[in-house]
Each structure stands twice: as structure tokens, then as C-alpha cells.
Amino acid sequence: MKQQLEAIRAAAIAAMEGASNAEDLEALRVQYLGKKGELTAVLKQMGKLSAEERPVIGQLANEVRAKLEAAIESRASELASKAMAMRLMSETVDVTIPGAAQKLGKQHPMYQVLDEIKNIFIGLGFEVIEDREVELAEYNFTKLNVEEGHPAREWSDTFYFTEDSGILLRTQTSPMQIHAMESRPLPIRMIAPGRVYRKDEVDATHSPMFHQIEGMAIDKGITMADLKGTLNTVVRSLYGEDTVTRFRPHHFPFTEPSCEMDIQCYKCHGAGCPTCKGEGWIEVLGAGMIHPKVLEGCGIDSSVYSGWAFGFGLERLALGQYKISDLRLIFENDVRFLEQF
Ligand code: DAH
């Protein structure tokens, strides 16, 4: 029995030291130390031994068991560190390999101009309101003093959803004046940029969808001088401190008096050039003092409060600023074009 134990010890330790992975090692543990293992089988025969032999063989058997367990443990930790080393080797990251280049997007040139304008107005204490593009004819026209039968309301000019629904795609951002008056306490200072829609054929200067910016201020004692002062401040931040403006009388149903503002051509300073089509001036926006009828329609006492409003097309401003000759380029979104700005 002693030889048997010695033989098991020699064979098992040799096998364990040669085990090349954790599974093989576990199989050897079962083979020698498991319930039906070789060492266990020998121990089961202890009963046949004499009283003198039993403690001697018992001690040897315990020694062999301890040796085998130690051999398993030390081989297991060797295998684990080998496996870790292999993993570290296979998972190394070569930080010197150049990365895959990411294509960087860029803000659309028109929205660059819009952000610049928003920032100027925010600096002047104005709120920026961005809101619905689907409107009621009542807000797009009636409450702005554009009565039933006015040519601007024609089916041929405006995208109505159905003939008599009174629901349409807004043709201007001016209805935001009404929404602001109805939803906000006075005083109000706001701009409302956004998309507007008209039944226009696409060409170099027209698109059925374009952007406008509406502006409005209502308070006690607001006059035309406030309108001119604000707009002069804005165009000077946009085009430079020496920008010259002029205000011409005009007509809009929702303002009284109404005007249009021109800026002296930033290219030729009034001499006349292709940018201003020889005029020396560039028309920029429509504006005026909010019609008392419009104020009263929104529940504002026009004998106490007054206000100004303006509205202009963003595309035209961006085209001028970046010297882009065709409106269609703004909407095609060809990256090669947009990348230039
Ligand atoms: N909504 C006008 C348009 O689309 C522009 C405009 C003119 C807006 C005068 C105003 C204004 O607020 O006071 O042509």
C-alpha cells in the first residue's frame, strides 16, 4: 500500500505540473482526489490494514493528499498568471496608430447669422420665442388687421390645409406678436424667428419656405424713436459701427405708421455697386408702431401702452452677408457649398 501511495504521488504530481490549462487540472483533481479518485480508492482499503500499519499508512496518505492539493494550487496559480499575461498581450492597444478621422459638421451659414442676431437681441433684454408654423387664419391675418377679402389671404398665395378650415402654414412670423400679447404680461420685448410658407415658385430669389424674424416691444411710452434706436443698435453690431440707415414710409395693415428700413450699402457706402444694384441702399425690413386695433384686439389698452414691431427675411440677409447669388444654394445643403462659411 505504501508503494501504491508513492506511485500515485509521483504520477499525480508529474501530471499536475504538466497540465496546460485549468480544465485539465480540474480533471486531474477529480482523477486523484475525487470521491471515486485513485487516492480515495486506496484509502478505502485502510480497513484491511493491521493496527500497527494503519497510523503509518494513514499519515502517509494525509501527506500525499496535502502534496497533491498543494501541487494543484501552485499549478492553478501558474496557469492563471500565464492566462493573464496572454490576455494582456492580446489586448494591448497601440496608441501610436492614427485614429479614424471623424467628419466634423458645421453650422449652416444662415443659422450662423440667426445666432448672431439672437445674441444681439438677448443682450438688449429680448426674449426669443420659437413656436408653431401651423396657424389659424385668425392669427395669421384677422388679428393682424388683415381682414377677410384682403388679397394677402388668397388661396393662390397661401397654403391652407382645406379650403374652409381656416388652418394654414403661416405666411409670416407676425402672428407671434399676437401669441406673445395673449400669453405674456406687459411689458414685452421679444423676437420670434422661424419658417414661413408661401405659394411661390422656386427660383434664384424665391422659395415656398423661408425664414423670417419678427421683433416686438410693448411698454408704456414706446415711440418710433425706440424702434429706430433699437434697429440702429442691431445693424451696427451686425455690419459695423459706421452703418448708416434710413427709414422710408410704407404700409402694413398691422402697424401705423409703418416704414421700411434700408441700410446704406456696406460694399460701396452709397455710391452704387452690383451688391446694391446701383441703388446705394439695401432694403432690410418692414416695421412700424403696432396698430391700436391690434393692441386692443389682444386686450391691451392702447391709450396706456404702445409698441413697435418689425419683420424681415433671414435668407436675404444671409445671402447679402455672404455674397451668395442664388437662394437655392441655401437649401440644397451641398456640403461642399456649406463648408465655405
Ligand atoms: N410680416 C411682414 C411681411 O411678411 C413683415 C413685417 C412688416 C413685420 C412690418 C412687422 C412689421 O412686424 O411691423 O412682409
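Residues numbered from 1 in each chain as written. Predicted model: local features only at pLDDT ≥ 70, side-chain atom pairs only at ≥ 80, totals over all residues. Heavy atoms only, no water.

Colleague: Describe the overall build of the protein chain, with residues and values.
Modeller: A count of helices and strands for the protein chain gives 12 helices and 9 strands. Taken over C-alpha atoms, the radius of gyration comes to 43 Å for the protein chain, far larger than the 20 Å a tight globule of 341 residues would show. If one aligns the C-alpha atoms of the protein chain with their principal axes, the spans along those axes are about 130 × 45 × 40 Å. Counting contacts in the protein chain only where the partners sit at least 6 residues apart, residues at least 24 apart contribute 65% of the total. For the protein chain, the computed accessible surface area is about 19000 Å², with 54% contributed by carbon and sulfur atoms. Counting 37 positive and 49 negative side-chain charges, the protein chain places the averaged centre of each group 8 Å from the other. (Helix = DSSP H or I, 4+ residues; strand = E, 2+ residues; numbered from the N terminus. Rg over C-alpha atoms; globule rule 2.2 N^0.38 Å. Contact = heavy atoms within 4.5 Å. Areas by Shrake-Rupley, 256 points an atom, 1.4 Å probe, with all protein chains shown as cover. Lys, Arg positive; Asp, Glu negative; His and termini not counted. Charge placed at Lys NZ, Arg CZ, Asp CG, Glu CD.)

Colleague: Break down the pairing of strand β4 (residues 188-197) for me, with residues and values.
Modeller: Here β4 lies mainly inside the structure; 8 of its 10 residues are buried. Sheet topology places strand β1 (residues 127-128) next to β4; 2 bridges connect them, and they run parallel. What sits directly across from Glu127, in β4, is Met190. Bridging between β4 and strand β5 (residues 209-220) involves 10 bridges; their strand directions are antiparallel. Across the sheet, residue Arg195 finds its bridge partner in β5, namely His211. (Buried < 20%, exposed > 50% of the residue type's maximum accessible area, 1.4 Å probe, protein only. Pairing = 2+ DSSP bridges.)

Colleague: Explain the side chain of Thr243 to me, using residue names and the numbers behind them.
Modeller: Structurally, the position occupied by Thr243 is in the loop between α8 (224-239) and β6 (245-252). On the basis of relative accessibility, which here comes to 7%, the residue Thr243 falls in the buried class. A distance of 2.6 Å separates the side chain of Thr243 from the backbone oxygen of Gly240, its partner in a polar contact. Excluding residues that lie within four positions of it along the chain, Thr243 makes contacts with Val235, Arg236 and Ile263. (Polar contact = N/O pair within 3.5 Å; in protein donor to acceptor, adjacent residues only side chain to side chain.)

Colleague: Describe the domain arrangement of the protein chain, naming the residues involved and giving the relevant values.
Modeller: Here the domain parsing of the protein chain yields domain 1 (2-90) and domain 2 (109-338). Relative placement of domain 1 and domain 2: their C-alpha centres are 90 Å apart. (Domains from an automatic or database assignment.)

Colleague: Describe the packing of aromatic side chains, with residues and values.
Modeller: A full pass over the atoms with the stated rule returns 10 aromatic pairs. Relative to Phe310, the ring of Trp308 lies with its centre 5.9 Å away and its plane at 25 degrees, an arrangement referred to as stacked. Relative accessible area serves as the criterion here: at 2%, Trp308 is assigned to the buried category. Assessed through its relative accessible area of 2%, Phe310 is described here as buried. (Phe/Tyr/Trp six-rings, centres within 6.5 Å; stacked < 30°, edge-to-face > 60°.)

Colleague: Which residues make up the nonpolar core, and what values do they have?
Modeller: In terms of nonpolar packing, the biggest core is built from 42 residues, with Ile117, Leu285, Trp308, Phe310 and Leu317 touching the most fellow members. For Phe310, the contacting residues outside a window of four places in its chain are Phe121, Ile191, Ile213, Glu214, Gly215, Leu231, Leu285, Gly286 and Ala287. Core analysis: the next-biggest nonpolar cluster, separate from the first, contains 22 residues, Leu5, Ile8, Met16 and Leu79 among them. (Core = buried A, V, L, I, M, F, W, Y, C linked by side-chain atoms within 4.5 Å.)

Colleague: Lay out helix α2 (residues 22-33) with the relevant residues and their values.
Modeller: Its 12 residues give α2 an end-to-end C-alpha distance of 16 Å, which sits within 8% of 16 Å, the value for a rise of 1.5 Å per residue. Considered for burial, the residues of α2 that qualify are Leu25, Leu28, Tyr32 and Leu33. Buried residues of α2, seen end-on, are gathered within an arc of 95 degrees and therefore sit on one face of the element. Those residues of α2 that are buried are in contact with α1 (2-18), α3 (38-43) and α4 (53-90). Capping the start of α2 is the job of one residue whose side-chain oxygen sits 3.1 Å from the backbone nitrogen of Glu23: Asn21. (Expected span 1.5 Å × (residues − 1). Arc of directions from axis to C-beta.)

Colleague: Tell me what's going on with the pairing of β6, and back it up with residues and numbers.
Modeller: Examined bridge by bridge, β6 and strand β7 (residues 255-264) share 7 bridges and lie antiparallel to one another. Among the inter-strand pairings, Phe252 is bridged to a residue of β7, identified as Thr255. Between the end of β6 and the start of β7, which pair antiparallel, lie 2 residues.

Colleague: Any chance you could break down the packing of helix α5 (residues 109-123) against helix α10 (residues 314-322) for me, citing the residues and the numbers?
Modeller: Running from N to C, α5 and α10 cross one another at 105 degrees; their axes reach a closest spacing of 9 Å. On the basis of their axis angle, the class for α5 and α10 is roughly perpendicular. In this structure, α5 contributes Pro109, Met110, Gln112, Val113, Leu114, Glu116 and Ile117 to the contact, and α10 contributes Leu314, Glu315, Leu317, Ala318, Gln321 and Tyr322. Looking at the contact of α5 with α10 residue by residue, the class counts come to 9 nonpolar, 2 polar and 2 charged. (Axes fitted to C-alpha atoms, helices over the stretch in contact; angles between N-to-C directions. Parallel < 35°, antiparallel > 145°, perpendicular 65-115°, else oblique. Nonpolar A, V, L, I, M, F, W, Y, C, P; charged D, E, K, R; others polar.)

Colleague: Quick one: what's the story with a nonpolar patch on the surface, residue by residue and with numbers?
Modeller: On the surface, Val134, Leu136, Phe161 and Ile167 cluster together into a nonpolar patch covering about 320 Å² of accessible area. In this fold, Phe161 is placed in the loop between α6 (137-140) and β3 (167-169). (Patch = residues over 30% accessible without salt bridge, like charges linked within 9 Å, V, L, I, M, F, W, Y side chains within 5 Å. Salt bridge = Lys/Arg side-chain N within 4 Å of Asp/Glu carboxyl O.)

Colleague: Give a description of the site of the ligand that names residues and reports values.
Modeller: Around the ligand, 15 residues are found, and the nearest of them are Gln172, Ser174, Arg198, Gln212 and Glu214. One of the side-chain nitrogen or oxygen atoms of Gln212 is found 2.9 Å away from an oxygen atom of the ligand. In this structure, an oxygen atom belonging to the ligand sits 3.2 Å away from a main-chain N or O atom of Phe310. Out of a free accessible area of 350 Å², the ligand has 88% covered by protein chains. Listing elements by their share of the shell around the ligand, those giving two or more residues are β5, β8 (281-290) and β9 (305-313). (Near = heavy atom within 4 Å.)

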